[in-house]
Amino acid sequence: MLSKEEMKSYLKEHLTESRYNHTLSVVETAIRLAQIYKVDKNKAEIAALAHDIAKNMTIYDLKSIIDENNIKLSYDEEKTPELWHSIVGPIVGKKIFKIEDEEILSAMRWHTTGRENMSKLEKVIYIADMIEPGRSFPGVDLIRKESFNDLDKGILQGLTHTIKYLLDKGFPIDINSIKARNYLVLNK
Ligand SMILES: [Fe+2]
Ligand SMILES: [Fe+2]
């Protein structure tokens, strides 16, 4: 696996400045959360560093990687290119950063939508992405505060916020976010 410094220099070159800064903030937030919730700090740091590795690829490149790897997109995923960087992220993370750890790759895969019955590492990366200090949207302070108090409550609020936002905007909602939220509601 590449060293963290090598990963950073790759990201600095392949991400926009704002996306790179976002990544560093997700790293910082994920490490803090990992300490609180007893998640492997090193895995959290690497997953956070790598989570948006594919974010600034063109839609064309993302789609080619999806096709080359014979990934079957659902109809909804096919129509939602915003999700593609999280589908492609683990593939690029494996190839370029030489990440082999399945827990890390899975946290990268699910950082945008969440999924049913997430691992603690997946939860940390999902919510760190949403609440890093650079994020500012109505309600973020509450989700931030809750996330450092009670991880599941923070995630439930985060998912509810995102689903409500998408509903209000008339956008489609990824089925995995619904399942992630249902699971937390039903297992409180
Ligand atoms: Fe992302
Ligand atoms: Fe991100």
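Per an unreviewed UniProt entry, the protein carries the name bis(5'-nucleosyl)-tetraphosphatase (symmetrical) and comes from Clostridium sartagoforme AAU1. UniProt annotates the protein under Catalytic activity (unreviewed entry) with the comment "P(1),P(4)-bis(5'-adenosyl) tetraphosphate + H2O = 2 ADP + 2 H(+)".

Some points on the nonpolar core
The biggest cluster of nonpolar side chains holds 52 residues, and the ones touching the most others in it are Leu11, Ile53, Phe97, Ile99, Ile125 and Ile127. If sequence neighbours within four positions are ignored, Ile125 has contacts with Ala30, Ala44, Ala47, Ala48, His51, Ala107 and His111.

As for the UniProt feature "domain: HD" (unreviewed entry) in the protein
Following the UniProt record, the feature "domain: HD" (unreviewed entry) maps to residues 19-134 here. In this annotation, residues 19-134 is assigned 66% helix and 0% strand; the end-to-end C-alpha distance for the span is 10 Å.

A look at helix 7 (residues 102-109)
Among the eight residues in helix 7, six count as buried, and that is most of the element. Along helix 7, the residues that are buried comprise Ile104, Leu105, Ser106, Ala107, Met108 and Arg109. Against the buried residues of helix 7 lie helix 3 (41-50), helix 5 (75-78), helix 6 (84-96) and helix 8 (120-131). Between the side-chain oxygen of the N-cap and the backbone nitrogen of Glu103 there are 2.8 Å, and the N-cap of helix 7 in question is Asp101.

Points about the coordination of the iron ion (ligand 2)
Protein coordination of the iron ion (ligand 2) is provided by His22 (NE2), His51 (NE2), Asp52 (OD) and Asp129 (OD), with donor distances spanning 2.1 to 2.2 Å. Separating the iron ion (ligand 2) from the iron ion (ligand 1) is a gap of 3.5 Å, which Asp52 spans by donating to each of them. With His51 in the loop between helix 3 and helix 4 (59-68) and Asp129 in helix 8, the pair connects residues that are 78 residues apart, well separated along the chain. Asp129 matches His51 in its accessibility class, with the two residues each being buried.

Calculation notes
- Residues numbered from 1 in each chain as written.
- Chains lettered and ligands numbered in written order.
- Predicted model: local features only at pLDDT ≥ 70, side-chain atom pairs only at ≥ 80, totals over all residues.
- Heavy atoms only, no water.
- UniProt positions renumbered as here; feature names shortened; annotations may be inferred.
- Core = buried A, V, L, I, M, F, W, Y, C linked by side-chain atoms within 4.5 Å.
- Buried < 20%, exposed > 50% of the residue type's maximum accessible area, 1.4 Å probe, protein only.
- Contact = heavy atoms within 4.5 Å.
- Helix = DSSP H or I, 4+ residues; strand = E, 2+ residues; numbered from the N terminus.
- Polar contact = N/O pair within 3.5 Å; in protein donor to acceptor, adjacent residues only side chain to side chain.
- Donors = N, O, S within 2.8 Å, 3.2 Å for Na, K, Ca; no water.

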